[in-house]
Amino acid sequence: MELTVSLYVDWKSYDRLGKVDGVMSDKIDIKSLNLNELNNLLADMGEKAFRAKQIYQWLHIKLVRSFDEMSNISVSLREKLKEQCDLKALKPVQILTSQVDGTKKYLFELSDGNIIESVLMRYHHGNSVCISTQVGCRMGCKFCASTLDGLERNLTPSEMLDEIYAIQTDIGERVSNIVLMGSGEPLDNFQNVMKFMELISDQNGLNISQRNITLSTCGLVPKIYELADRQVQFTLAISLHAYDDNTRKELMPVAKAYSIAEVLKACKYFFEKTGRRLTFEYSLVSGVNDNEAGAVKLGELLKGINCHVNLIPVNPIKERDFKQSDKIAIEKFKNKLEKYGINVTIRREMGRDINGACGQLRKSYKDQIIKEKEGE
Ligand code: SAH
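Every chain is numbered on its own, with residues counted from 1 as its sequence reads. Whole-chain, interface and lining totals are the exception, using all residues; otherwise, since this is a predicted model, local features are given only for residues with pLDDT of at least 70 and side-chain atom pairs are given and counted only at 80 or more. Side-chain calculation: all heavy atoms of the structure are included, whereas hydrogens and water are not.

Asks: Which parts of the structure should I look at to understand the overall build of the protein?
Replies: Within the protein, the regular secondary structure consists of 11 helices and 14 strands. Computation of the radius of gyration draws on C-alpha atoms, with the globule rule given as 2.2 Å multiplied by the number of residues to the power 0.38. Relative to the 2.2 N^0.38 estimate, which gives 21 Å for 376 residues, the radius of gyration of the protein is 21 Å and therefore close to what a compact globule would have. Exposure categories follow from relative accessible area, calculated using a 1.4 Å probe and restricted to protein chains: below 20% of the type maximum is buried, above 50% is exposed, and the middle band is partly exposed. When each of the 376 residues of the protein is scored for burial, the buried share is 56%. Note on contacts: a residue pair is in contact if any heavy atoms of the two residues lie within 4.5 Å. A separation threshold of at least 6 residues defines the contact pool for the protein, and within that pool the share at least 24 residues apart is 68%. Approximately 16400 Å² of the protein is accessible, and the part contributed by carbon and sulfur atoms is 48%. Per the convention used, a helix needs a DSSP run of H or I reaching at least four residues, while a strand needs a run of E reaching at least two, with both numbered from the N terminus. Shrake-Rupley sampling with a 1.4 Å probe provides the accessible areas, and residues are treated as covered by the protein chains on show and by no other component.

Spelled out as structure tokens, the structure:
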């Protein structure tokens, strides 16, 4: 299995943006530019520097969907921008709202027709959005619906921003927290995700603090070291899901590339460099990884690491035969872990009435379209 990151983009040079990664366009993806890059672009067009700031605000604070909404920009400059740049916006094709807790699931169509899924969760402390980072995924985790059809392509920084922008516009309220836990492996789309992090936490944009962002990874070890060396300030969540390598290999092909020991070593390095406490996600699958002896092994592995464990009752998908652990098994697992002084929570199911597992809504929508096409 190929696990190296295939993409390299030199973000210092704005003219290459928009021409990368599946979204083939000769134009510049203007919403993926930071303010410096936008300054350079406008300077090259012979425009005054303050125009860049104005345009940046239209894009990243007022969240416009077209150049023509930029009312303090002259028509001639708007026309020049249209010639050189793409300004794309996600198109919502389906929005489901939970009657139980207000959770909203969004299916968005991208400019090339691909479909992605994002989720809004409403908490007392604010609005949290779960975004996708790729169309599909190539990591192959056995319980996950997002990976069943493999990876289609990486999302661009602007597409990831747009998941937040579209939801904030829809609800008319500020998004305060972000989790990169939708479809895709964020560290398999490293450069674009890093650029997204820069733009979403930019003071000139929505200014969402990195401390309110969590990136979840299946554990691409070299990339964890890279994050540590960059001293990122977001929370890193590791999808561990097993207490030993053999069990992990059964569930996650990535375990064949990196052992649990290697993952945990990288995590300790991450903590040393960033001071950020780690989260370990552990999806409990009945009869596979939910036994008490396993909880003891996990406790031994994690003791001494500054971390928090999030137990997730596996969300069964119809394509696989995985069953959720029962409540008693989950409690026992939690209690055993807590004996090691580890902080453990059981993930509350949000939007139970509209909930497919991660990526399942997109998959059923896609399958339906294919069926309809075949029937034509
Ligand atoms: N690729 C990243 C992020 C995407 S998934 C990662 O692997 O972390 C976000 C979390 O949901 C991961 O911990 C993933 O393993 C878990 N997950 C995916 N499908 C699931 C399911 N059906 N039931 C329970 N957890 C699931």
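Let's pick the thread back up.
Asks: Any chance you could explain the packing of aromatic side chains here in plain terms?
Replies: Aromatic ring pairs are defined here through the distance separating the ring centres and the angle between the ring planes. Geometry of aromatic contacts follows a simple scheme: Phe, Tyr and Trp rings, the Trp one being its six-membered ring, pair when their centres are within 6.5 Å, and the pair is stacked under 30 degrees between planes, edge-to-face over 60, tilted otherwise. A full pass over the atoms with the stated rule returns three aromatic pairs. The interplanar angle of 10 degrees and the centroid separation of 5.5 Å between the aromatic rings of Tyr 106 and Phe 108 together place this pair among those described as stacked. For the ring pair Tyr 282 and Phe 333, a centre distance of 5.0 Å and an interplane angle of 35 degrees mean the geometry is tilted. A residue pair is termed long-range when its members are at least 10 positions apart, and Tyr 282 in strand β12 (residues 278–284) and Phe 333 in helix α10 (residues 327–338) qualify at 51 residues. By relative accessible area, Tyr 282 is classed as buried at 1%. The ring of Trp 58 carries the charged tip of Lys 62 above its face, separated from the ring centre by 4.0 Å. Placement of a positive charge over a ring is assigned whenever Lys NZ or Arg CZ falls within 6 Å of the ring centre and within 35 degrees of the normal to the ring plane. Sitting over the ring of Phe 190, Lys 223 keeps its end group 4.6 Å from the ring centre.

Asks: Any chance you could explain the sheet that holds strand β13 (residues 307–313) here in plain terms?
Replies: Hydrogen bonds between backbone atoms are what pair the strands of a sheet, whose relative direction is either parallel or antiparallel. Each pair of strands is called paired provided DSSP finds at least two bridges between the two strands. Ordered in space as β3-β4-β5-β6-β9-β10-β11-β12-β13-β14, the 10 strands form an open sheet in which the pairing is mixed. Unpaired on one side and paired on the other, β3 (91–97) and β14 (343–346) mark the two borders of the sheet. Each neighbouring strand pair of the sheet contributes to a mean axis angle of 20 degrees, computed without reference to strand direction. Throughout, an axis means a line fitted to C-alpha atoms (over the contacting stretch in the case of helices), and angles, computed between N-to-C directions, take values from 0 to 180 degrees. With respect to the sheet, helix α5 (residues 190–200) is in contact with β9 (175–180) and β10 (213–217), its orientation differing from that of β9 by roughly 170 degrees.

Asks: I would appreciate a short explanation of the pattern of salt bridges in the present structure.
Replies: Two side chains bearing opposite charge may form a pair once their charged atoms approach each other closely. Put simply, a salt bridge is a Lys or Arg side-chain nitrogen that is within 4 Å of an Asp or Glu carboxyl oxygen. Taken as a whole, this structure holds 22 salt bridges when the rule is applied. Between Arg 153 and Asp 112 there is a salt bridge, with the nearest N and O atoms lying 2.7 Å from each other. Of this pair, Arg 153 sits in strand β8 (residues 151–154) while Asp 112 sits in the loop between β4 (104–109) and β5 (115–123), and the two are 41 residues apart along the sequence. Of the residues examined, Arg 153 reaches a relative accessible area of 6% and is grouped as buried. Put simply, Glu 300 and Lys 303 hold a salt bridge, and the shortest N to O gap is 3.0 Å. The class of Glu 300 is partly exposed, set by a relative accessible area of 42%. Linked through salt bridges whose partners overlap, the residues forming this network are Asp 68, Arg 78, Glu 79 and Lys 82.

Asks: How do you make sense of the site of the ligand when you look at a structure like this?
Replies: Of all residues adjacent to the ligand, which total 18 residues, the nearest are Gly 184, Ser 216, Ser 239, His 241 and Asn 315. Interatomic distance of 2.6 Å between a side-chain N/O atom of His 241 and an oxygen atom of the ligand. Against a free-state accessible area of 530 Å², the protein chains account for coverage of 94% of the ligand. Looking at the shell around the ligand, the elements that each hand over two or more residues are β10 and β12. Here a residue counts as near a molecule or strand whenever at least one of its heavy atoms sits within 4 Å of it. Side-chain atoms alone can form a polar contact between residues adjacent in sequence; in general such a contact is a pair of N or O atoms within 3.5 Å, and within protein one must be able to donate a hydrogen while the other accepts it.

Function-wise, these values are silent; they only describe arrangement.
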